[in-house]
Amino acid sequence: MPLPPFEEQKRIIKAIGKWISIVDYIESEGKDIKTLIELTRSKILSLAIQGKLVKQDPYDEPAIELLRRVNKDFRPCDTSH
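Cut-offs and rules
Residues numbered from 1 in each chain as written. Predicted model: local features only at pLDDT ≥ 70, side-chain atom pairs only at ≥ 80, totals over all residues. Heavy atoms only, no water. Helix = DSSP H or I, 4+ residues; strand = E, 2+ residues; numbered from the N terminus. Rg over C-alpha atoms; globule rule 2.2 N^0.38 Å. pLDDT = per-residue confidence, 0-100. Salt bridge = Lys/Arg side-chain N within 4 Å of Asp/Glu carboxyl O. Buried < 20%, exposed > 50% of the residue type's maximum accessible area, 1.4 Å probe, protein only.

**Focus on the overall build of the protein**
Next, step 1: Scanning the protein for helices and strands turns up 3 helices and 0 strands.
Next, step 2: Ordering the α and β elements of the protein from the N terminus gives α-α-α.
Next, step 3: In terms of C-alpha radius of gyration, the protein reaches 26 Å, well past the compact-globule figure of 12 Å for 81 residues.
Next, step 4: Principal axes of the C-alpha set define a box for the protein whose edges measure 75 × 30 × 25 Å.

Structure, rendered in structure tokens:
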């Protein structure tokens, strides 16, 4: 099996070392990263539900109107929201 030139071998070793250090960091901080992912996921969902995730189009119909349009029998269960 032919070997790449020595300079290319050094470049490969450096690149692999970088990725190994990233993997080591993720493994050592895995619990914190999982918590951060869950918090981020929860925040994104919350912003999406509130209509704050993306800029809203003022010409879009309200969700309640869409629900009434697609289901003629739709009755909101709580109008306090």
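**Re the confidence of the model for the protein**
Next, step 1: Put simply, the protein has an average pLDDT of 85, and 96% of its residues get 70 or more.
Next, step 2: The secondary structure element of the protein with the lowest average pLDDT is helix α2 (residues 30-49), at 86, and the one with the highest is helix α1 (residues 6-28), at 89.

**Some points on the environment of Glu65**
Next, step 1: By secondary structure assignment, the location of Glu65 is in helix α3 (residues 63-70).
Next, step 2: For the pair Glu65 and Leu39, spaced 26 residues apart in the sequence, the C-alpha separation amounts to 32 Å.

**What about the pattern of salt bridges?**
Next, step 1: Applying the stated rule across the entire model yields 5 salt bridges.
Next, step 2: Across the salt bridge formed by Glu61 and Arg69, the nearest N and O atoms sit 2.3 Å from each other.
Next, step 3: For Glu61, a relative accessible area of 38% corresponds to the partly exposed category.
Next, step 4: Two residues, Glu65 and Arg68, come together in a salt bridge whose shortest N-O distance is 3.2 Å. Of this pair, Glu65 and Arg68 both sit in helix α3, 3 residues apart, which is roughly one turn of that helix.
Next, step 5: Overall, Glu65 belongs to the partly exposed group, its relative accessible area being 36%.

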